[in-house]
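Summary of the model geometry
Spelled out, the chains give:
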Amino acid sequence: MGTMLRLRHNKDLFVLTYGALVAQLCKDYEKDEDVNKYLDKMGYGIGTRLVEDFLARSCVRRCHSYSEITDIIAQVAFKMYLGITPSVTCNNSSRTEFSLILDKNPLVEFVEELPAGRSSLCYCNLLCGIIRGALEMVHLAADVTFLQDRLKGDRVTEIGITFLRKLDEKKYRRKK
Amino acid sequence: MKENGRCITKLENMGFRVGQGLIERFTKDTARFKDELDIMKFICKDFWTTVFKKQIDNLRTNHQGIYVLQDNKFRLLTQMSAGKQYLEHASKYLAFTCGLIRGGLSNLGIKSIVTAEVSSMPAYPDTGLHPKTPRSQPELKPRVRCSTNCATQVLR
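Residues numbered from 1 in each chain as written. Chains lettered and ligands numbered in written order. Predicted model: local features only at pLDDT ≥ 70, side-chain atom pairs only at ≥ 80, totals over all residues. Heavy atoms only, no water.

Contacts between chain B and chain A engage 15 residues on the former and 16 residues on the latter. Together, the buried faces of chain B and chain A total about 1500 Å²; carbon and sulfur atoms form 66% of this surface. For chain B, the biggest contributors to the area lost against chain A are Met14, Arg25 and Thr50 of chain B; these three give 38% of the whole. Applying the counting criterion to the chain B and chain A interface returns 3 salt bridges. (Contact = heavy atoms within 4.5 Å. Buried area = accessible area lost by both parts, 1.4 Å probe. Salt bridge = Lys/Arg side-chain N within 4 Å of Asp/Glu carboxyl O.)

So, in structure tokens, the structure goes:
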């Protein structure tokens, strides 16, 4: 029982710290766009390093398509770091645009609603930066943004990943 | 220099917020605290274990409101070289932690000032130490000094 409580509190620490980070950024920057931008930037820095940890711990095989990569992000990476498994949809016929639908999101557990005057705030924008940074370290350029956000009143929370360059098999190497 | 100071203040404030929230979550399940020392022991054991996966190694007090918490292997700094070059950055990692303690105590009704100091070991020559070497890594030993200047406590 003691361990269970400790684990829960550990998660609380993470969630609360993320909230404090966003709150501090909101104090520092008046415009929502700026807060979103800095969250993305910080996430990018984290993602470029996190990918090494991920590859070391997950032993994923070489991927042959953007679709496989997106599945791995949703089913392995999100599971490993956030304990959730978003569902994946493909949004175009050339299979370069995907969406991650987040049913649950531990980062917003203590957020009741966005603060007044912050209606354009992408509270979890750090996640977009992390995905973008991680992909770039495996030589994949992608745009990652929130397409829908429950905190903004949308029905679901949806992260859109658009792969920008054709996957060059020779360039993609799995880091050992 | 000023930029560093502002940065430290912000980090400490963030830690304060998190500490308040965390203690609230924590103490829903724990019994009432007997006294101030009981609270400090809680910080050293349960609180520190949740945040850093280990307990405080040494707690000293003068029984007049000053407590010194010693962590011999402070986890936020173990990946840093023990040389002097990173000591100025070490203070940023400590600032958040000090705020965490101050915020936790604050929600338990204790106003405090929390400072931290790092005593560094002499620098080892770079021999490419990695986890398998039997030689132990140089350690930073931050000591968190808590002085309570207002001992009103709210026992829950």
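Residues and elements named next belong to chain A. Relative to strand E2 (residues 97–102), strand E1 (residues 87–90) is paired through 4 bridges, and the arrangement is antiparallel. Residue pairing across strands places Cys90 opposite Phe98, the latter belonging to E2. The turn joining E1 and E2, which pair antiparallel and follow one another in sequence, is formed by 6 residues; a positive phi near 55° is taken by Arg95. (Pairing = 2+ DSSP bridges. Helix = DSSP H or I, 4+ residues; strand = E, 2+ residues; numbered from the N terminus.)

Right, let's get into the packing of helix H3 (residues 66–82) of chain A against helix H4 (residues 125–137) of chain A. Two packed helices can be described by the angle between their axes and the distance between those axes. Residue and element names in this part refer to chain A. Relative orientation of the contacting elements H3 and H4 amounts to 120°, with a least axis distance of 13 Å. In terms of orientation, H3 and H4 fall into the oblique class. Read as a crossing pair, H3 and H4 show a hand that is right-handed. Residues Ile69, Ile73, Phe78 and Leu82 of H3 form the contact with H4, whose participating residues are Leu127, Ile131 and Leu135. (Axes fitted to C-alpha atoms, helices over the stretch in contact; angles between N-to-C directions. Parallel < 35°, antiparallel > 145°, perpendicular 65-115°, else oblique. Left-handed = near helix turned anticlockwise from the far one by under 90°.)

The next point concerns the sheet that holds strand E3 (residues 142–148) of chain A. All names here are of chain A. Pairing is antiparallel across the open sheet formed by 4 strands, whose spatial order is E1-E2-E4-E3. Either end of the sheet is taken by a strand with one partner, and the two such strands are E1 and E3. Averaged over all pairs of adjacent strands, the angle between their axes in this sheet comes to 25°, without regard to strand direction. In this sheet, strand E4 (residues 157–163) lies alongside E3 in antiparallel orientation, the contact comprising 6 bridges. Counterpart to Phe146 in the pairing with E4 is Ile159. Contacts from H3 reach E1, E2 and E4 within the one sheet, and its direction differs from that of E2 by about 20°. In this fold H4 packs onto E2, E3 and E4, with an angle of close to 155° to the strand it touches most, E3.

Residues and elements named next belong to chain B. Here chain B averages 74 in pLDDT, while 72% of its residues score no lower than 70. Segment residues 121–140: pLDDT under 50, and 26 contacts once partners within four positions in sequence are set aside and those in other chains are kept. Below a pLDDT of 50 lies the segment residues 147–156, which in the model reaches 31 contacts outside its immediate sequence neighbourhood of four places, other chains included. (pLDDT = per-residue confidence, 0-100.)

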